Structures are given as C-alpha cells and as structure tokens.
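So the chains spell out like this:
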Amino acid sequence: MFDAYCAGMFDAYGLHAHHIMPKSFAAKFGIQNGDEMFSIALDPTTHQAITARVNSAIPWWKAPFMSASQIKNEMKYLYQQMYYETEDILYKFMADFIEAGQYVE
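Presented here is a report on the structure given in the accompanying data block. (Residues numbered from 1 in each chain as written. Predicted model: local features only at pLDDT ≥ 70, side-chain atom pairs only at ≥ 80, totals over all residues. Heavy atoms only, no water.)

Comments concerning the nonpolar core
Okay, so step 1: Counting 26 residues, the largest nonpolar core has Met21, Ile50, Ile58, Met75, Tyr79 and Met94 as its most contacted members.
Okay, so step 2: Broken down by secondary-structure element, the contributors of at least two residues to this core are β2 (39–42), α2 (44–57), α3 (68–86) and α4 (89–100).
Okay, so step 3: Sorting elements by how many residues they give to this core places α4 first, with six residues.
Okay, so step 4: Met21 has contacts with Phe29, Met37, Ile71, Lys72, Met75, Ile98 and Tyr103, leaving out every residue within four places of it along the chain. (Core = buried A, V, L, I, M, F, W, Y, C linked by side-chain atoms within 4.5 Å. Buried < 20%, exposed > 50% of the residue type's maximum accessible area, 1.4 Å probe, protein only. Helix = DSSP H or I, 4+ residues; strand = E, 2+ residues; numbered from the N terminus. Contact = heavy atoms within 4.5 Å.)

Here you go:
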C-alpha cells in the first residue's frame, strides 16, 4: 500500500508512483480502494510515457464498456509492446505482473 512515508520518499528522489494496473480500473477487479493497488517507483518521464500509452489504448470513454479480462489483456499487451520496443526488463516485469493478476495485497 502506498502511504505518506512512501510518498515522501518518492518526492525526495523525484520519483512517481505508477500503479501497474491503473487504479482507475480497481472496481473492474473487485478492489474497493485503488490506492491499495501495487505501484512501482518510476522517473517522471517513464511514468508519463506509460500513462500516455494507457490513455491511448484504453480511453476514458471506452473503459466503462470493457470487461476486466479485456482491460487485463490490453494492459498486458501494452507493456509487452513497450518491452519489445525498448528491451527494458521493467516492461516485461509489468506484463508478467498483469498476467499473474496480482493487483493488491
């Protein structure tokens, strides 16, 4: 869970908390509080790039009509594509994390 201590640490190092499965989809997965979903520390540029890709792949107007399975598959595909494009293991980790379906403790 992301708490005030973590927020302070992230701020001190100029990092952002990126929810691997965006917290805006919490309800789709039966999660009451999106802030409890797992996140990872990213630099602001990487975080912004991922957020832009998510917003392009799953626009706000489309998400309400998608099932949890569709969102899961889209997120996994998005991270896989970013891995293939960059060969950055971070994206493979996040794709595998999505596949495992472990979004919250």
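Digging into the layout of surface pockets
Okay, so step 1: Computed from the structure, the largest pocket encloses a volume of approximately 300 Å³.
Okay, so step 2: Lining the largest pocket are 17 residues, and of these Pro22, Ser24, Phe25, Val54 and Asn55 sit closest to its centre.
Okay, so step 3: Elements that contribute at least two residues to the lining of the largest pocket include exactly β1 (16–19) and α2.
Okay, so step 4: Among the elements that make up the lining of the largest pocket, the one with the highest residue count is α2 (four residues).
Okay, so step 5: Among the residues making up the lining of the largest pocket, the classes are represented as nine nonpolar, six polar and two charged. (1 Å grid on protein atoms, 1.4 Å probe; cavity = no way out; pocket = protein on both sides within 12 Å on 5 of 7 lines; lining within 4 Å. Points joined across faces, edges and corners; volume = space filled by probe spheres on them. Nonpolar A, V, L, I, M, F, W, Y, C, P; charged D, E, K, R; others polar.)

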